[in-house]
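Remarks on the overall topology
Here is how the chains run, residue by residue.
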Amino acid sequence: MSLLPDNDRVLLGPGPSLTAPRVMRAMASPTVSHLDPIMMALLDDVRGRLGRVFRAAEGSFAFAVSGTGTSGMETTVANLVKDGTRATVIVSGYFGDRLAQMCERYGATVTRLDVEWGRACDPAALRTLLKATPADVVAMVHAETSTGVVNPVKELAAIAREHGALTIVDAVTSLGGMPLDIGAWGIDAAYSCTQKCLGGPAGLAPVVFGPRALAQRVKCRSFYFDLTLLEDYWLRRKYHHTMSSTLVYALYEALSIVEEEGLDARWARHEQNHLALLASMAGIGLTVLPREGERLWTLNAIRVPEGIDEAAVRKHLLDTFNMEIGAGLGPLAGKIWRVGLMGASSSPRLILLLRGALESAFAVQGKALG
Ligand SMILES: Cc1ncc(COP(=O)(O)O)c(C=O)c1O
């Protein structure tokens, strides 16, 4: 018996999101080598598309690293942080903490700006901290997937820049789904993933380095994530590693879909579906953890009501409706469900399905809500 899935899971967790049929078909294109002229033309095209989706400034280098979002994180850190770098990291959830750990691993002296899980970072707190403790690098997560909260990255990046620091922004759960403008907001480096709002499979991490970051790169300790070696491959066609043509086809097609829809229209769709989900959940008495103005459109942290077995609900959705939603992490384990509406998974049809599936799961537990 084959272990391969033969029907589509409804992917409404924190990622991956549904992969568009066009992207699946693109991956069935014939394999070419990592140095094939066809691959080179694709890489040039993908660089241009990534620069546009990040809204990168002139003179930036946008490309994709082989690996998932974490490899994007590691690429930005490994090329901007060395022994003794003073790094201030905003930690408002699980992924901010990972970013702080990553900076430490690459030798930085890390100052954490800890924010209560479920709240956004107050820009005034960063200003006060940077006055007292100067930093070379300020790193932050735009869309904190563990809490469903959006950090005010535009304001935070401006403050970091005023204080002479480079900024690193995690855009793993925002790129393609929430407003983000790397160039206009003065962000120096950012990274994302392919499997969330861009609607591809996991396996590549879009990364962008702006002109200041390119100029201030450090000697990279990692061979695989070395920016200069990766430039040699992407720009000068020199072998570095055997990049997967299949994943590049997928990213090319996913970015084509993003551009056909238009970035502004895509953000608006994510916002509308987020609001529709809130309204639908309110109908059965469910609320979200973050307060208004701090909510992600891409990842909804829905509070588990009193008396409901949250793991049993997820199991019911999976077994009965072939539907995945995520559990809470860290201090939010057991307290929230994480419902992702990203890329092709951001759709009114799926919100209706989720509402019905949740009502069924609550009924099984003898709880009719609303
Ligand atoms: C905000 C954020 N950063 C980083 C990551 C790590 O990405 P990956 O699991 O693709 O390595 C994730 C994954 O969900 C994330 O949500």
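Bear in mind the structure is a predicted one, so any value in this text is a computation, not a measurement. (Residues numbered from 1 in each chain as written. Predicted model: local features only at pLDDT ≥ 70, side-chain atom pairs only at ≥ 80, totals over all residues.)

1. Concerning the domain arrangement of the protein
Put simply, the test is: Each domain's limits were defined by an automated method or a database of domain assignments. Helical segments are the DSSP runs of H or I of at least four residues, strand segments are the runs of E of at least two, and each set is numbered from the N terminus. Charged means Asp, Glu, Lys or Arg here, nonpolar means Ala, Val, Leu, Ile, Met, Phe, Trp, Tyr, Cys or Pro, and polar covers whatever is left, Gly included.
By the assigned domains, the protein splits into domain 1 (10–16 + 262–364) and domain 2 (21–261). Centre-to-centre, using C-alpha coordinates, domain 1 lies 26 Å away from domain 2. Within the residue set of the side of domain 1 that touches domain 2, elements represented by two or more residues are α10 (263–282) and β11 (299–303). At five residues, α10 tops the list of elements feeding residues into the side of domain 1 that touches domain 2. Looking at side-chain class alone, the side of domain 1 that touches domain 2 contains 17 nonpolar, seven polar and four charged residues.

2. Observations concerning the site of the ligand
Here is the rule: Placing a C-beta atom from the backbone of each residue, we mark the residue near a molecule or strand if the atom is within 6 Å of it.
Residues in close proximity to the ligand total 14 residues, the closest being T68, G69, T70, T145 and V172. Sorting elements by how many residues they give to the shell around the ligand places helix α3 (residues 69–80) first, with three residues. Taken together, the residues that form the shell around the ligand break down as seven nonpolar, six polar and one charged.

3. Details of the sheet that holds β11
Test applied: The criterion for strand pairing is that DSSP finds at least two bridges linking the strands in question.
Spatial strand order, β11-β14-β13: three strands in an open sheet with antiparallel pairing. Strands at the two margins of the open sheet, each flanked by one partner only, are β11 and β13 (326–327). Of the pairings in the sheet, the one linking β11 to strand β14 (residues 336–340) comprises five bridges and is antiparallel in character. When the bridges of β14 are listed, A301 appears paired with R338.

4. Description of the environment of G199
Which entries qualify depends on this criterion: To sort residues by burial, count the other C-beta atoms lying within 10 Å of each one's C-beta; a count of 20 or more means buried, 12 or fewer means exposed, and anything in between means partly exposed. C-beta atoms are built from the backbone. In this description, a residue-residue contact is defined by the distance between C-beta atoms placed from the backbone, which must lie within 7 Å.
Structurally, G199 is set in the loop between β9 (189–191) and β10 (204–209). Here G199 falls in the buried class, since 29 other C-beta atoms lie within 10 Å of it. Residues G199 and L255, 56 residues apart in the sequence, show an inter-C-alpha distance of 8.7 Å. When sequence neighbours within four positions are dropped, the list of residues in contact with G199 reads S17, T19, A20, V23, A254, I257, G343 and A344.

5. Some remarks on the packing of helix α2 (residues 37–54) against helix α9 (residues 245–261)
Spelled out, the test is: Here an angle of 0 to 180 degrees is reported between the N-to-C directions of two axes, which are lines fitted to C-alpha atoms, with helices fitted over the stretch in contact. Reported orientations rely on four angle classes, namely roughly parallel under 35 degrees, roughly antiparallel over 145, roughly perpendicular from 65 to 115, and oblique for the rest. Rotating anticlockwise by less than a right angle from the far helix to the near helix defines a left-handed crossing, while the corresponding clockwise rotation defines a right-handed one.
Two elements in contact, α2 and α9, have axes separated by 10 Å at closest approach and are oriented at 40°. One element, α2, and the other, α9, form an angle in the oblique class. Helix-helix and strand crossings are classified by hand; for α2 and α9 the assignment is left-handed. Taken together, the residues of α9 that come into contact with α2 (itself represented by M39, L42, L43, D45, V46, R49, L50 and V53) are S245, V248, L251, Y252, L255, V258 and E259.

6. Brief notes about the nonpolar core
Note the cut-off: The term nonpolar core refers to a group of buried residues, namely Ala, Val, Leu, Ile, Met, Phe, Trp, Tyr and Cys, whose C-beta atoms join them within 7 Å.
With 119 residues, the main nonpolar core has C103, V137 and V208 as its most contacted residues. For this core, the domains that each give at least three residues are domain 1 (10–16 + 262–364) and domain 2 (21–261). Other than its neighbours up to four places away in sequence, V137 contacts L80, V81, T85, A87, A165, L166 and I168.

7. Points about α3
We apply this condition: Take the residue count of a helix, subtract one, and multiply by 1.5 Å to get its expected span.
Given a rise of 1.5 Å per residue, twelve residues ought to cover 16 Å, and the 17 Å separating the end C-alpha atoms of α3 matches this to within 8%. Counting buried residues along α3, eleven of its twelve residues qualify, which places the element largely inside the surrounding structure. Every buried residue of α3 is listed here: G69, S71, G72, M73, E74, T75, T76, V77, A78, N79 and L80.

8. Section: the sheet that holds strand β4 (residues 109–114)
Strand order in the open sheet formed by seven strands is β2-β10-β9-β8-β5-β3-β4, with mixed pairing between adjacent strands. Of all the strands in the sheet, just β2 (61–66) and β4 have a single pairing partner and so form its edges. Along the sheet, successive strands turn relative to each other by an average axial angle of 20°, direction set aside. Packed on one face of the sheet, α2 meets β2, β9 and β10 and runs near 110° to β2.

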